[in-house]
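Spelled out from the first residue to the last, the chains are:
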Amino acid sequence: MFIFVAIIVLVEVAAGLFIFSQFSSRSYKQEYAAIQQKADGVTSKIYQAHTDDINNLLNDEALLSAIVGECEATGEFEYYIVFGEAAGGNIISGGGLNLSGNLRDNYGLSYNAIGKIEVEGKTYVFAPSALGKSGYRIGGLKDFTEHQKIISNLRGNTVAILIAAGMVITAAFVIYAYLLANKERTHHFKYRVKLNKEGKIVKSNAAFKHEFASVSSIDTANLNKDSFNLVNMSGTTGEKLVTMRLSHSLVLAGDVANAESFIQSGGDASGELDADGKTTSSLSKVFEGFTTKGKRTLLGVIFISNLERIKTLFGKQMAIDIQHIIVKKVREKFTYGYELDFGYIGVTYPDGKKLDNLMSDMEDIHRYINAPIKMEDNLFTLDVKAGFAMCDATMQPLNFEHAYKAAEAARQRVMDTNIADYIVYHESQRKLYDKYFITFDIKQMLSEGAFEMEYQPQYNIKEERIEGFEALFRVKKSWNVNVDTFSFITYAERTGAMVQLGDFIFDTGMQFAKKLEGKNVSVSLNVSPVQLMQAGFTENFLRLYKKYDLKPRSICVEITESFLMTNFTETLKKLDILTAQGIDVHLDDFGTEYSSLLYIKKLPISTIKIDKEFVKDVLTSKESQAIIKFITNIAKLLNRTTICEGVETTQEFDMLNYLGCDTIQGWIIGKSMKPEAALEIVDTFDYKKIAAAKNGGK
């Protein structure tokens, strides 16, 4: 309480002093302006009287004395000094105060601006004014001592009054808070029920008797003590969703829409999430309970984007414990918080003044939720991203499904653009989010031939030939799909259509590989985590492989390094099956994640692909050069090869050749191309001609 009182008083005093300073500042400005006007008037008269001989001021003691005397004769200021502008104000004559030296260095004054100075126990206002363009100035000094005392006394009285007022306000607040808390204890909840040890209702208030007349007992076995629980009860108006809190033998309950203190019970020490599929349903029910009131409702999705990495490095239990802490933080701020899945938390909040306050404090709330967490001597830095949807009458349709899509769209925009750590969606901004609401019938698109494959060539430096192609998925331009390829693939993965889409990619890529037969050229097919972890993936992949009777080493599968971190054992088994059938494995994006050499040692990898992030500055970065050199050396020692991606210039090509890279992929060799062009380039590509043309024929 002492701290609270101190804060109230300090804030009040600070506010009062700020207001006082603004008032006194305006007073100073007005008085300073009048003083400066007088100084300019005196100087103007002096300059007019001595225009012809003013430049001899330094060498003429009589003239200097005359000027000071004429100034004093005006009676406008108590004292005058004469100084030059050089070096910030060198004093020529100190007048009656015997000032000397430099204005700036000795007295902290500017030679061209009004200010205050303490001299011989008095406060003076110093007002400088130029003697034409001569380089000399006259400074008038006016006694400001009494005026300054008045201002100082006023400041002291103001502080005393503010402190006294703060104490009175605090006392009134404490009394009000006590009375309010007492009222909350007895009237906050709509229903108040007293139970015996067996859960039988001993006593209840009128509201409970009216709405739940047939209820004679409450099953408390599944109610968590000292936390709020979401419960369905049969009443006179049918099933009703209420919140309950069990405290000794008293059950306090209320409508979901009115129970502002409701917090759903979080995870426990069992090491599991409470996200079991039912929580999304609970979130939906509470949301719909709010929206039926016809007012605004906030719905949000909060995502801990680096929780998967924490799980990999520190184990599942640590990651779950961290999520539980985040959930508690979320419920502190939003009240209605639900664990939807690993890393995902859903929130909703009803209309009212608290919602307005919550929205205005959103930046601080996100900063609080995203703050580092210390556990077992480890400090975890989190990367929390969030999307919210403000749902009101403008949202059509105003239902949970659409609102959840809107919140997810906002979260996805955060992930895609990095413009902020959270975004609040409103239906008036719908055009900005159109691509996130787009739905595709991938099965129908497949049947209508909406997709195609392009192929980017890979050039073997030593053998001086095209040795392979990376197969790249494309949506045909004629379909005018307003999303990039990565977003489309992500959509397919999220909606369960990736298996069908993957069959198209694999089948088309293998058809192309068959056309390359006899040319000693392979085709690389990207395999997503969703595909690789699908039951029956290897059987289906090998079925297509055998369908085209492809020769060993004609097909490669590309897997990403980041995926291996969480699925190493299962991935190893499946890749062993593929390599046993003559299919090579390329490790993509090596170096961008944790780059464990264990992958190279244990996995049946034939080629390591060095990410373009290292290639783009290879000409200037010693670090990138060292990393690439290290990877190529390791690869050679382990009888692996390397492919450098994103190579665009002959200079980069030459540097990578020097560093030991085996194969080059990038625009210097060729962009992705149609199958016909790819077949042609195998026989016609000549890097030496391209390099000569790029280098001006040299």
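Treat the numbers as computed from the prediction; the structure is a model and nothing was measured.

Caption draft 1: A look at the confidence of the model for the protein. Averaged over all residues, the pLDDT of the protein equals 82, while 82% of them reach at least 70. Low pLDDT, under 50, characterises residues 181–188; the predicted model gives this stretch 4 contacts beyond four residues in sequence or across chains.

Caption draft 2: Representation of the pairing of strand β23 (residues 607–610) in the model. Burial along β23 is two-sided: T607 and K609 and I608 and I610, pointing in opposite directions, are all buried. One ladder, built from 3 bridges, connects strand β22 (residues 584–590) with β23; its direction is parallel. Among the inter-strand pairings, F590 is bridged to a residue of β23, identified as I610.

Caption draft 3: Representation of the environment of H210. Along the chain, the position of H210 falls in helix α5 (residues 206–211). Remark: the alpha-carbon pair of H210 and T236, spanning 26 residues in sequence, is separated by 7.9 Å.

Caption draft 4: Main features of the packing of aromatic side chains. Enumeration according to the criterion identifies 30 aromatic pairs in this entry. Consider the rings of F208 and F212, whose centres lie 5.2 Å apart with planes at 35°: the pair is tilted. In this pair, the class of F208 matches that of F212, namely buried. Between F314 and F380 the ring centres are 4.8 Å apart and the planes differ by 80°, which places this aromatic pair in the edge-to-face class. One end of the pair, F314, is in helix α7 (residues 307–314); the other, F380, is in strand β15 (residues 378–380), with 66 residues separating them in the sequence. Given a relative accessible area of 40%, F314 falls into the partly exposed group. Through successive ring pairs, a cluster of aromatic residues spans F440, F451, F473, F488, Y491 and F504. Note that K329 overlies the ring of Y368, its terminal NZ or CZ placed 5.0 Å from the centroid.

Caption draft 5: Molecular detail of the nonpolar core. Of all hydrophobic cores here, the largest spans 80 residues; its most connected members are F469, F488, L501, M510, F541, I555 and I664. Ignoring anything within four residues of it in the chain, the contact list for F541 reads F506, M510, L525, I555, V557, L578 and I583. The next biggest cluster of nonpolar side chains, apart from the first, holds 52 residues, and it includes I326, V330, L358 and F388.

Caption draft 6: Expanded view of the pattern of salt bridges. All chains considered together, the criterion is met by 25 salt bridges. Across the salt bridge formed by R430 and E427, the nearest N and O atoms sit 3.6 Å from each other. For R430, a relative accessible area of 28% corresponds to the partly exposed category. One continuous salt-bridge network, built from bridges that share partners, spans E452, E454, R474 and K674.

Caption draft 7: Here's a closer look at the packing of α7 against helix α8 (residues 316–334). Close contact between α7 and α8 brings their axes to 6 Å; oriented N to C, the two are set at 140°. It follows from the interaxial angle that α7 and α8 lie oblique. Where α7 approaches α8, its residues L307, I310, K311 and F314 are matched on the opposing element by K316, M318, A319, I322 and Q323. Of the residues belonging to the contact of α7 with α8, the class tally is 6 nonpolar, 1 polar and 2 charged.

What counts and what doesn't
Residue numbers restart at each chain and count upward from 1, following the sequence in its written direction. Reporting of local features is limited, given that this is a predicted model, to residues whose pLDDT is at least 70; pairs of side-chain atoms are given and counted only at 80 or more, and all residues count toward the totals for whole chains, interfaces and linings. By convention in this description, side-chain values take in all heavy atoms of the structure and omit both hydrogens and water. What pLDDT expresses is the predictor's confidence in each residue, scored from 0 to 100. Note on definitions: a residue-residue contact is assigned when non-hydrogen atoms from the two residues lie within 4.5 Å. Exposure categories follow from relative accessible area, calculated using a 1.4 Å probe and restricted to protein chains: below 20% of the type maximum is buried, above 50% is exposed, and the middle band is partly exposed. Under the DSSP-based scheme used, a helix requires at least four consecutive residues in state H or I and a strand at least two consecutive residues in state E, with every element numbered from the N terminus. Criterion used throughout: strands pair if DSSP finds at least two bridges between them. Put simply, two rings from Phe, Tyr or Trp (the six-membered ring, in Trp's case) pair if the centres are within 6.5 Å, and we call them stacked under 30 degrees between planes, edge-to-face over 60, tilted for the rest. Either the NZ atom of lysine or the CZ atom of arginine qualifies as a charge over a ring when it sits within 6 Å of the ring centre and within 35 degrees of the ring normal. Residues enter a nonpolar core if they are buried and are Ala, Val, Leu, Ile, Met, Phe, Trp, Tyr or Cys, with the set joined through side-chain atoms within 4.5 Å. Any Lys or Arg side-chain nitrogen found within 4 Å of a carboxyl oxygen on Asp or Glu counts as a salt bridge. Angles here are taken between N-to-C directions and fall from 0 to 180 degrees, while the axes themselves are lines fitted to C-alpha atoms, restricted in helices to the stretch in contact. Throughout this description, any angle smaller than 35 degrees is read as roughly parallel, any larger than 145 degrees as roughly antiparallel, any in the 65 to 115 degree range as roughly perpendicular, and the remainder as oblique. Residue polarity follows a fixed list, in which Ala, Val, Leu, Ile, Met, Phe, Trp, Tyr, Cys and Pro are nonpolar, Asp, Glu, Lys and Arg are charged, and the others, Gly among them, are polar.

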